[in-house]
Amino acid sequence: TVATSLYSTNSTGSTDVADGANLAFANVSAIGTGLTYDAATNTVQVLEDGVYLINWNVNTAPIDETTTTTVLTAENTETGTVYGIVGNSSASNTNPVLLSGSTVANLSAGDVIAIVNRSGTAIDLTTSVGSGTESFAGSLTVAKIGEATA
């Protein structure tokens, strides 16, 4: 049984997400009390020790026309520990790509997690619009899947 989880989406996109900046998510849905999302810092705060699954999916494109690489990390903003990394070298400002990453990490209460732009340049989060009012620019899921390990 999942004791605690958090799901967050970005349905409007973001422009000029600087290299080193945390990606913004909104529309947060949380189950349990082990995680919170801070919209001011675009981070997930871990409140319970445990093993966590972190999944992220983001439509992204570089701002600079000469850059084709986009790289995103799941990292601890307090310690700099990188838990997962994903990239693509064929994106352009006219051809966005979907970056999807997944990792499992042993996290402690007090850890602060974010999805961070590590592309070396600013990126845009681009929106895919579906039928009606549905749209998607990115999602982040963090779920506790087990007790902390030594």
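(A) Summary view of the nonpolar core. Grouped together as the largest cluster of nonpolar side chains are 26 residues, with contacts concentrated most on Leu23, Trp56, Leu72, Ile115 and Leu140. Filtering out sequence-adjacent residues up to four positions away, leucine 23 remains in contact with Val17, Tyr37, Asn42, Val58, Leu72, Ile115, Val116, Asn117 and Leu125.

(B) Highlighting the environment of valine 112. Checked against the element boundaries, valine 112 lands in strand β10 (residues 112-117). Taking the C-alpha atoms as reference points, valine 112 and asparagine 42, separated by 70 residues in sequence, lie 9.9 Å from one another. Dropping the residues within four chain positions of it, valine 112 is found in contact with Thr43, Val44, Gln45, Glu75, Asn76, Thr77 and Glu78.

(C) Structural detail: the pairing of strand β5 (residues 43-46). Because side chains alternate across β5, one face comprises the buried residues Thr43 and Gln45, and the other comprises Val44 and Val46, equally buried. Alignment of strand β4 (residues 35-38) against β5, held across four bridges, turns out to be antiparallel. Across the sheet, residue tyrosine 37 finds its bridge partner in β5, namely valine 44. The antiparallel hairpin formed by β4 and β5 contains four residues in its connecting segment, where asparagine 42 sits at a positive phi of about 55°.

(D) Layout of the sheet that holds β4. Pairing is antiparallel in the open sheet, where five strands are placed in the order β4-β5-β10-β7-β8. The open sheet terminates on both sides in strands that have one partner only, identified here as β4 and β8 (82-88). When the angles between neighbouring strand axes are averaged without regard to direction, this sheet yields 20°.

(E) Quick look at unusual backbone geometry. We note that asparagine 42 has phi near 55°; this positive angle belongs to a residue other than glycine. Here asparagine 42 shows up in the loop between β4 and β5. With relative accessibility at 18%, the residue asparagine 42 sits in the buried group.

(F) Representation of the pairing of β10 within the structure. Counting buried positions along β10 yields six of six residues, so the element is predominantly enclosed. On β10, burial covers both faces: Val112, Ala114 and Val116 on one face and Ile113, Ile115 and Asn117 on the other are all buried. Inspection of the sheet shows β5 paired to β10 by two bridges, in the antiparallel sense. Its bridge partner being in β10, glutamine 45 is matched across the sheet by valine 112.

(G) Structural context of the side chain of serine 139. Along the chain, the position of serine 139 falls in strand β14 (residues 138-146). Serine 139 sits in the buried class, given a relative accessible area of 6%. Ignoring any residue separated from it by four or fewer positions in sequence, one finds serine 139 in contact with Tyr7, Ser8, Thr9, Phe25, Asn55, Trp56 and Asn57.

(H) Looking closely at the side chain of asparagine 59. Counting through the fold element by element, asparagine 59 comes out in strand β6 (residues 50-62). Among the residues examined, asparagine 59 registers a relative accessible area of 10% and is labelled buried.

Parameters and conventions
- Residues numbered from 1 in each chain as written.
- Predicted model: local features only at pLDDT ≥ 70, side-chain atom pairs only at ≥ 80, totals over all residues.
- Heavy atoms only, no water.
- Core = buried A, V, L, I, M, F, W, Y, C linked by side-chain atoms within 4.5 Å.
- Buried < 20%, exposed > 50% of the residue type's maximum accessible area, 1.4 Å probe, protein only.
- Contact = heavy atoms within 4.5 Å.
- Helix = DSSP H or I, 4+ residues; strand = E, 2+ residues; numbered from the N terminus.
- Pairing = 2+ DSSP bridges.
- Axes fitted to C-alpha atoms, helices over the stretch in contact; angles between N-to-C directions.

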